[in-house]
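One letter stands for each residue in the lines below.
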Amino acid sequence: MNRLLLSTIVALPLAMGAQTFDLTQPQPTYSDQTGYGYDVLPAPTKKTLAQPFYFSVKVPDGNYRVKVIVGGKKNGHTTVRAEGRRLMMDNIVTPKAKDTQTVEFVVNKRSTFIEEGKRVKIKDREKGYLAWDDRLTLEFNGDNPAVKSIHIEPADVPTIYLCGNSTVVDQNYEPWASWGQMITRWFGPEIAISNHAESGLTARTFLGSFRLDKILSTLKKGDYVFVEFGHNDEKEKRPGDGAWYHYVYNLKIFVDQVRSKGAEIVFCTPTQRRAFDSDNKTIKNTHGDFPAAMKMVAEREQVPLIDLNQKTKTFFETLGFEDSKRALVHYPKEMYGRELADNTHFNPYGAYEVAKCVVMGMKELGLPIVQYLRPEWQDFNPAQPDDWKTFKWAPSPMTENTKPDGN
């Protein structure tokens, strides 16, 4: 990741671990020496005030409550994301120059460090992600992003950890997106979400790359671990692979390890692919026995389960053969330099809708964490999805036309 350096330095006082940054005053470009500043893109200027910008702060691993005052200029229209495009707040309108709103949320910041001599084995492509470095990065986007100040302080709150593949991961680049980076939108500052998923992973390779070990290093009573695998597990061909042996064996490891820490585990069956039957009306199952195997482990081990497989089937069938493309990465060549026709990976609209399916699954299970949903949350039915024509998303400036690992 190219991180540009500028020379303007303005030091701000730190108190009790809290840091406040007044963006109405000049701020430096991020460097390890200052430990904070504009990042990823050049600092905003009078000519680029209506364009997206990033601001990073160097902090240890942990959860951080972030308070942002948005507004202060005419026709402000601001979306706030964190780290790898995790949606925190969207489409905040401040129409008058004196209008401001204060938004609060919690961001989980992590590195690959687990303990002395042990780190998460990340892929080469992850080394450029904003999620695995030593800083907390905020993205301010929208038609006219307006930010007056940022306040950051450590937060001791319950954490929801996410385990999974490319349908869950914080996708760093447009136009790809996953439900794990959208579900953050619906939880208030009383909860943190830490997404450890990565494209192409199976339950086995997630464990083998020490990602569960990373989670276990901070996991505690009151936390939750959500697990969705299947897309890539079904392609493993080693002896014993398949739904009924290695897959269920590995799911049992997740259950035992999470419960050993006194935390709660929740299963999510794998999201459907956009694979219509010959009638172009019915989604056919491409996951074989894997959803059934997960349900079997859930029943045997008394693990709460969200049937995301069924919910996304309803979602795709409701949209129909053509409009279901609007939920996935289907774009003409002129938009991203090559034609994209991916029936597995979601775009921002699709990921946003699937995240709502997960939240509804939480509510249907009666999980205590739903008490932390934001007041503006409205119950969702995948048979009555939001209209893709009115969905508003401010694209991040970082794009990629290479398909994520896995399918």
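Residues numbered from 1 in each chain as written. Predicted model: local features only at pLDDT ≥ 70, side-chain atom pairs only at ≥ 80, totals over all residues. Heavy atoms only, no water.

**Q** Looking at this structure, how should I read the side chain of Lys-313?
**A** When you line up the elements, Lys-313 lands in helix α5 (residues 308-323). When near neighbours in sequence (up to four residues on either side) are disregarded, Lys-313 contacts Gln-272, Thr-282 and Ile-283. (Helix = DSSP H or I, 4+ residues; strand = E, 2+ residues; numbered from the N terminus. Contact = heavy atoms within 4.5 Å.)

**Q** Sorry if this is basic, but what is going on with the side chain of Asn-232 here?
**A** Positionally, Asn-232 belongs in the loop between β15 (224-227) and α3 (243-260). Side-chain polar atoms of Asn-232 contact the backbone oxygen of Leu-201, separated by 3.0 Å. Beyond its immediate chain neighbours, meaning those up to four positions away, Asn-232 contacts Asn-165, Gly-200, Leu-201, Thr-202, Gly-406 and Asn-407. (Polar contact = N/O pair within 3.5 Å; in protein donor to acceptor, adjacent residues only side chain to side chain.)

**Q** Help me out: how do you make sense of the sheet that holds strand β3 (residues 36-39) in this one?
**A** Sheets are built from strands that pair by backbone hydrogen bonding, the pairs being arranged parallel or antiparallel. On the basis of which strands lie adjacent, the open sheet formed by five strands has the order β3-β4-β11-β6-β7 and antiparallel pairing. Each edge of the open sheet carries a strand with a single partner, namely β3 and β7 (86-94). In this sheet, adjacent strand axes meet at a mean angle of 20° when their direction is disregarded. Summarising the sheet, strand β4 (residues 53-58) and strand β11 (residues 135-144) pair through six bridges and their orientation is antiparallel. Pairing of Lys-58 across the sheet is with Arg-135, part of β11. (Pairing = 2+ DSSP bridges. Axes fitted to C-alpha atoms, helices over the stretch in contact; angles between N-to-C directions.)

**Q** Which parts of the structure should I look at to understand the environment of Lys-148?
**A** Relative to the helices and strands, Lys-148 is located in strand β12 (residues 147-154). Relative accessible area serves as the criterion here: at 33%, Lys-148 is assigned to the partly exposed category. Sequence-distant contacts of Lys-148, defined by excluding residues within four places in its chain, comprise Phe-21, Asp-22, Leu-23, Thr-24, Ile-69, Gly-71, Gly-72 and Thr-100. (Buried < 20%, exposed > 50% of the residue type's maximum accessible area, 1.4 Å probe, protein only.)

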